Amino acid sequence: MGQTVVVRVDGPAGPTLVSYRQTLPDDIKPILTLDASARVRATYDLWEKHRGDLVRLPSATKNYSNLTINVWDQGGGKSAYRTEGDRIIQGVLKAIDTKPDEEWLVIHHKFKPTLKLDLRTKITERLPQGHKVSFLNWGSHDGTNEYKDVSNVILAGTLFLPLPHREGLTRLASGHPPSKGIIRDDQVKATESGEHSHMILQALCRSSVRQHQNGECPPVNAYLIASTYSGIKELLPEIFPGAQIVPWTPIPRELRGKVADAIGFVRCWFRDNPDGALPFKDLKKAVGVKDASNFRNTIRQHNDFVAALEEMSLEEWGPGTYRTHLRRRPIAFGVAA
C-alpha cells in the first residue's frame, strides 16, 4: 500500500505489521489534559522528549500510606487463566473469606471461549447468598465511580498488551514512524512498564483508593495476582508512593519429583543467566531424564512446569525449526519491512 511498516512476531499471534497514524490533529493545540496516569505512563515522557510540544504542569503527589497491597507471586495473564484457573479462583475466594461481610471489588479478564475460565461465574457460584462482591473486567476498569466506597479490591491478574500494540504506542508517542527504522528495545520496555502502571493505577482507583482525605487515601486493602518475573511488583512503589507492599500466598504450590527438580534448576539457571537460552539437553541432564519423548511428556508438558514457565516469563524457543531451548520472552523480535 505504499507504506513502510515493521513486522513483529509475538508468540502464537504470528507476524504482525506495525505502523501508526496521527490520532490528534495538529490544530487541536493548545489543549489542557488532566490525567492521573500522566506521572506513570512512559508515553508522556516519549512525547515530551521526542515530539517536543508537550509541557508538563506541576502535579500534586498523593500519599498512599493507608494502602496495603498484598502481592501473590502467581501468573495472572490470560495463559495462566487457561492453565491455572482453579488455583486462581481458590486464591480469590481465600481473600474474600477473610472479610466475608464486607464489600469487595474483583477485576478480572473478560471471559471468551478461548480463555476457558469464566472467573466471575465460577466465583459467584461459590459465594453465599447475599454476598457483597462486585466484578469488573479489564477494559471496563477505568470508567466508573460506582465502587468508590469499596475498601477491598482484588486484581485477579493483569492485562498484558501484545508486542505490536506496545511498539505502536511507542512509535506514536515518540513520533517515530517505521520509515525511520527499528525503534530501541528499552523504549518499548518503558512503554510496557508505563502501561502496566497506568492500568493498575486506574483499576485500583475504582475503589476508595481514589478518595482524598488530607492528602492521603483512606485505609484500603488490595490484592494483586502477578508473577515476580512480570516486573509488576517493582513498579508498585512508584505507582503508589508510601503504600505497604507485602507478600500474599493464599495457595502454596507443592512441587514434587522431577518436575520440582526441573523448575528449581530453571529458576537457578535464569537467575545466573537472565539473558541466556537454556538448552533442553542441559535440563534433561540436570534432572536425570535421558529419553526425549519422556522428557516432553513428563516435564515439558506437565501443568506445573508450564505454569512455572508462565510465572517466570519464559518460553520454549529454537534457532531453527524445532524448539530446543528455554529463554526469556523477548521484548521485540522481527525485521523491518
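Details of the structure are given in the entry above.
Once a new chain begins, its residue numbering starts again from 1 and follows that chain's sequence as written. Local features in this predicted model are restricted to residues of pLDDT 70 or higher, and side-chain atom pairs are both shown and tallied only at a pLDDT of 80 or more, whereas totals for entire chains, interfaces and linings draw on every residue. Based on all heavy atoms of the structure, the side-chain values leave hydrogens and waters out of the count.

A.B. asks: Sorry, what's going on with the nonpolar core here?
C.D. replies: Soluble globular proteins tend to bury their nonpolar side chains together. The term nonpolar core refers to a set of buried residues drawn from Ala, Val, Leu, Ile, Met, Phe, Trp, Tyr and Cys, joined through side-chain atoms within 4.5 Å. Only protein chains enter the accessibility calculation, which uses a 1.4 Å probe. A residue is then buried if its area is under 20% of the maximum for its type, exposed if over 50%, and partly exposed in between. Leu 67, Ile 69, Leu 155 and Phe 240 are the most contacted members of the largest nonpolar core, which has 32 residues in total. Per element, the largest residue contribution to this core is five residues, and it comes from helix H5 (residues 185-204). Of all hydrophobic cores here, the second largest spans 24 residues; its members include Trp 72, Ala 95, Ile 123 and Val 133. For helices the rule is a DSSP run of H or I covering at least 4 residues; for strands it is a run of E covering at least 2, with both sets numbered from the N terminus onward.

A.B. asks: When you look at the sheet that holds strand E10 (residues 314-317) in this model, what are you seeing that I'm missing?
C.D. replies: Adjacent strands of a sheet form backbone hydrogen bonds with each other and so pair up, either parallel or antiparallel. Two strands make a pair as long as DSSP finds a minimum of two bridges between them. An order of E9-E11-E10 is seen for the three strands of this open sheet, with the pairing classed as antiparallel. Two strands close off the open sheet at either side, each with one partner strand: strand E9 (277-279) and E10. Averaged over neighbouring strand pairs, the angle between their axes works out to 30 degrees when direction is ignored. Both E10 and strand E11 (residues 325-328) contribute to a ladder of four bridges, which runs antiparallel. The residue bridging Glu 316 from the neighbouring strand is Leu 326, located in E11. The axes are straight lines fitted to the C-alpha atoms, using for helices just the contacting stretch, and the angles between their N-to-C directions are given from 0 to 180°.

A.B. asks: Would you explain the packing of aromatic side chains in this entry?
C.D. replies: The geometry of an aromatic ring pair comes down to the distance between the two centres and the angle between the two planes. Side-chain rings of Phe, Tyr and Trp (the six-membered ring for Trp) are treated as a pair once their centres are within 6.5 Å; stacked means planes under 30 degrees apart, edge-to-face means over 60, and tilted covers the remaining angles. A full pass over the atoms with the stated rule returns six aromatic pairs. Seen from their ring centres, Trp 269 and Phe 270 are 4.9 Å apart, and the 70 degrees between their planes marks the pair as edge-to-face. We note that Trp 269, like Phe 270, is buried.

A.B. asks: Is there a simple way to explain helix H8 (residues 280-287) in this structure?
C.D. replies: Considered for burial, the residues of H8 that qualify are Phe 280, Leu 283, Lys 284 and Val 287. The buried residues of H8 occupy an angular sector of 100 degrees when the element is viewed end-on, so they sit on one face. Counted as exposed and oriented over 90 degrees from the buried face of H8: Lys 281 and Lys 285. Residue contacts are counted whenever heavy atoms from the two residues lie within 4.5 Å of one another. Those residues of H8 hidden inside the fold are in contact with helix H7 (257-272), E9, helix H9 (292-300), helix H10 (303-311), E10 and E11. Throughout, the arc means that of the directions going from the helix axis to the C-beta atoms.

A.B. asks: Could you clarify how one ought to interpret H10 in this entry?
C.D. replies: Residues that lie three or four places apart on an α-helix share one face, since the helix turns once every 3.6 residues. Of all the residues in H10, the buried ones are Phe 305, Ala 307, Ala 308, Leu 309, Glu 310 and Glu 311. In this structure, the buried side of H10 is in contact with helix H2 (78-97), H7, H8, H9, E10 and E11. Directly beyond the C-terminal end of H10, a positive phi value near 55 degrees is found at Ser 313.

A.B. asks: Teacher, can you tell me more about the pattern of salt bridges here?
C.D. replies: Working definition: two side chains of opposite charge can pair if their charged atoms are close together. Salt bridges are defined as contacts in which a side-chain nitrogen from Lys or Arg sits within 4 Å of a carboxyl oxygen from Asp or Glu. Per the stated rule, a full pass over the model turns up 15 salt bridges. For Arg 56, the salt bridge identified is with Asp 45, shortest N-O distance 2.6 Å. With a gap of eleven residues between them, Arg 56 in the loop between helix H1 (42-51) and strand E3 (67-72) and Asp 45 in helix H1 connect regions that are remote in the sequence. Arg 56 gets classed as partly exposed once you look at its relative accessible area, which sits at 33%. A relative accessible area of 42% places Asp 45 in the partly exposed class. Residues Lys 189 and Glu 192 are paired through a salt bridge, measuring 3.1 Å at the closest nitrogen-oxygen approach. On the criterion of helical spacing, the pair formed by Lys 189 and Glu 192 is a turn pair, its members being three residues apart in helix H5. Because the salt bridges share partners, they merge into one network encompassing Arg 8, Glu 167 and Arg 171.

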